[in-house]
Amino acid sequence: MYVLINVLGLVVFLGICFLLSKDKKAINWKAIAIMVVLNLVIAWLLTGSKAGRTGVEAAANGFVWLVDASAKGTVFALGSWYNVKNMNFICSALMPILMVVPLFDILTYIGFLPWVIKWIGRGLSFITGQPKFESFFAVEMMFLGNTEVLAVSERQLNQMSKARNLTLAMMSMSCITAAMVGSYVEMMPGQFILTAIPINIVNSLITTSLMNPVKVTPEEDVIVGVSKEGGKREPFFSFLGDSILGAGKLILIVIANVVAFVALAALIDKILGLFWKPLSLESILGVIMYPFAWLMGLHPHDVWILSQNMGMKLVTNEFVVMGSMSSKIHSFDPHFQAVMTTFVTSFANFGTLGMIIGVFKGLVDDETNDYIAHNIIYLILSGILVSLLSAAMVGLFVW
């Protein structure tokens, strides 16, 4: 019965995307069918096949290995603060960023990462039939992050229609940055974190193709290229120094956001408690997300837990939920672990919404920016639906 409910959930989530479509007649159903089948195959391969599970576990262990290596620097700098038996959030989840981010930047500097992104993007475009830049953009976000990719794509954005810009804005709500994976696998099951990444990429293309279908002519289907400042290559150690400083700033931003959001949530709970003691932000959001959590095919006593964490993640961020669930997630059955971990593995929250709107405001003309701002509900809904679709697809093969 739970499997059938899970399948029903997948159909319902796709149906919601269709109902929200701006132009139902323009939907390319062949491309949608190909992408849905592709994602189900990927989900099965990474969770249901022995070879896939072995590969994902090896990759997760690789990120753990990187985190262990980064711990050497943390121990040197923080000494007794680094308590292995009682690891705090900053040491376990954030300090690894200081090594992982520069590592990915080095791979970008030597040209390896852009080469990988280019060919994966071309392959994705060929298989799915989606425009080249949208496919390229989806893959690039996975490695480099949403705001960073938008910033270096200014020339492309200004030569695209406002409808295609809206597509990119919607897709920007659904990614994570590969440099953050080392932090995520310290808190949640690594195999599901790594499974969610490619699933999210394809689902971002599915949701935008349903909700905001845009016909792109062969003349428009080109990649302009990324904008670069100047023609000279920055010296390596200067580049590395900037990368490390950027990673440090990122840690401070995450700390500030987590502290602020957790404190604000607690304040809201106290205010709500003045009217009725059992009332809280989690309970309100839990009610809103409950039907969607139920469609994941969970045991009844787990549905409420999932729905609360779903809502909290949308209002705060993935770090808040991962941090609160890290000590409890392994006590749940595998299906719950898969669904929960996959859903929270994205940047889809209200804070990201503000970031995306802010970035577009500085990159595109007023008409395009106003168009995106007027469709802000499509951004948050696409982010939620990508997370729901990914969780349902992964959960379908893990019981």
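We now turn to the structure provided with this report. This is a predicted model, so every value here is computed, not measured. (Residues numbered from 1 in each chain as written. Predicted model: local features only at pLDDT ≥ 70, side-chain atom pairs only at ≥ 80, totals over all residues. Heavy atoms only, no water.)

**Side note on the overall build of the protein chain**
Link 1 in the chain: A count of helical and extended segments in the protein chain gives 20 helices and zero strands.
Link 2 in the chain: In terms of overall size, the protein chain behaves like a compact globule, its C-alpha atoms giving a radius of gyration of 21 Å where 399 residues would be expected to give roughly 21 Å.
Link 3 in the chain: Counting the 399 residues in the protein chain, one finds 51% classified as buried.
Link 4 in the chain: Once the 24 positive and 24 negative side-chain charges of the protein chain are each reduced to a mean point, those two points are 4 Å apart. (Helix = DSSP H or I, 4+ residues; strand = E, 2+ residues; numbered from the N terminus. Rg over C-alpha atoms; globule rule 2.2 N^0.38 Å. Buried < 20%, exposed > 50% of the residue type's maximum accessible area, 1.4 Å probe, protein only. Lys, Arg positive; Asp, Glu negative; His and termini not counted. Charge placed at Lys NZ, Arg CZ, Asp CG, Glu CD.)

**Here we look at helix α10 (residues 162–171)**
Structural remark: α-helix, 3.6 residues per turn; residues separated by three or four positions point the same way.
Link 1 in the chain: Most of α10 sits out of view: eight of its ten residues are buried.
Link 2 in the chain: Among the residues of α10, those classed as buried are Arg164, Asn165, Leu166, Thr167, Leu168, Ala169, Met170 and Met171.

**Describing the nonpolar core**
Link 1 in the chain: One finds Tyr184, Met188, Met296, Leu306, Met340, Phe360 and Leu379 to be the most contacted residues of the largest nonpolar core, which totals 108 residues.
Link 2 in the chain: Here tyrosine 184 is in contact with Ile176, Ile193, Glu318, Phe319, Met322 and Phe347, once residues within four sequence places are set aside. (Core = buried A, V, L, I, M, F, W, Y, C linked by side-chain atoms within 4.5 Å. Contact = heavy atoms within 4.5 Å.)

**Quick look at the packing of helix α18 (residues 350–363) against helix α20 (residues 376–395)**
Link 1 in the chain: At a minimum axis distance of 10 Å, the contact between α18 and α20 shows a crossing angle of 135°. It follows that α18 is oblique to α20 by the angle criterion. Here the hand of the crossing between α18 and α20 comes out right-handed. Here Phe350, Leu353, Ile356 and Ile357 of α18 come into contact with α20, specifically with Ile376, Leu379 and Ile380.
Link 2 in the chain: Across the contact of α18 with α20, the residue classes break down as seven nonpolar, no polar and no charged. (Axes fitted to C-alpha atoms, helices over the stretch in contact; angles between N-to-C directions. Parallel < 35°, antiparallel > 145°, perpendicular 65-115°, else oblique. Left-handed = near helix turned anticlockwise from the far one by under 90°. Nonpolar A, V, L, I, M, F, W, Y, C, P; charged D, E, K, R; others polar.)

**Some details on a nonpolar patch on the surface**
Link 1 in the chain: Side chains of Leu264, Leu267, Ile271, Leu274, Phe275 and Trp276 sit close together on the surface and give an oily, nonpolar patch of about 740 Å² of accessible area.
Link 2 in the chain: Here isoleucine 271 shows up in helix α13 (residues 236–275).
Link 3 in the chain: When its relative accessible area of 42% is taken as the criterion, isoleucine 271 is described as partly exposed. (Patch = residues over 30% accessible without salt bridge, like charges linked within 9 Å, V, L, I, M, F, W, Y side chains within 5 Å. Areas by Shrake-Rupley, 256 points an atom, 1.4 Å probe, with all protein chains shown as cover. Salt bridge = Lys/Arg side-chain N within 4 Å of Asp/Glu carboxyl O.)

**Considerations on empty space enclosed by the protein**
Link 1 in the chain: All chains considered together, the criterion is met by one cavity of 30 Å³ or more.
Link 2 in the chain: Forming the walls of the largest cavity are Ala138, Met141, Met142, Ser174, Cys175, Ile176, Ile197, Asn200, Ile201 and Ser204.
Link 3 in the chain: Those elements giving two or more residues to the lining of the largest cavity turn out to be α7 (132–144) and α12 (190–211).
Link 4 in the chain: Among the residues making up the lining of the largest cavity, the classes are represented as seven nonpolar, three polar and no charged. (1 Å grid on protein atoms, 1.4 Å probe; cavity = no way out; pocket = protein on both sides within 12 Å on 5 of 7 lines; lining within 4 Å. Points joined across faces, edges and corners; volume = space filled by probe spheres on them.)

**Remarks on the environment of glutamate 57**
Link 1 in the chain: Along the chain, glutamate 57 turns up in helix α3 (residues 50–78).
Link 2 in the chain: Along the chain, glutamate 57 and serine 324 lie 267 residues apart, while their C-alpha atoms are 23 Å from each other.

**Looking at the packing of aromatic side chains**
Link 1 in the chain: Following the criterion strictly, the structure yields ten aromatic pairs and no others.
Link 2 in the chain: With 5.4 Å between their ring centres and 70° between their planes, tyrosine 109 and phenylalanine 236 make a pair best called edge-to-face. Residue tyrosine 109 is found in helix α5 (residues 97–109), and its partner phenylalanine 236 is found in helix α13; the two are separated by 127 residues along the sequence.
Link 3 in the chain: Residue classification places tyrosine 109 among the buried residues on the basis of a relative accessible area of 18%.
Link 4 in the chain: The exposure class of phenylalanine 236 is partly exposed, given its relative accessible area of 28%.
Link 5 in the chain: Between phenylalanine 236 and phenylalanine 237 the ring centres are 5.2 Å apart and the planes differ by 80°, which places this aromatic pair in the edge-to-face class.
Link 6 in the chain: What links up through ring pairs into an aromatic cluster is the set Tyr109, Phe236, Phe237 and Phe239.
Link 7 in the chain: In this structure, lysine 313 is placed above the aromatic ring of phenylalanine 343, and the distance from its NZ or CZ to the ring centre is 5.9 Å. (Phe/Tyr/Trp six-rings, centres within 6.5 Å; stacked < 30°, edge-to-face > 60°. Lys NZ or Arg CZ within 6 Å of the ring centre and 35° of its normal.)

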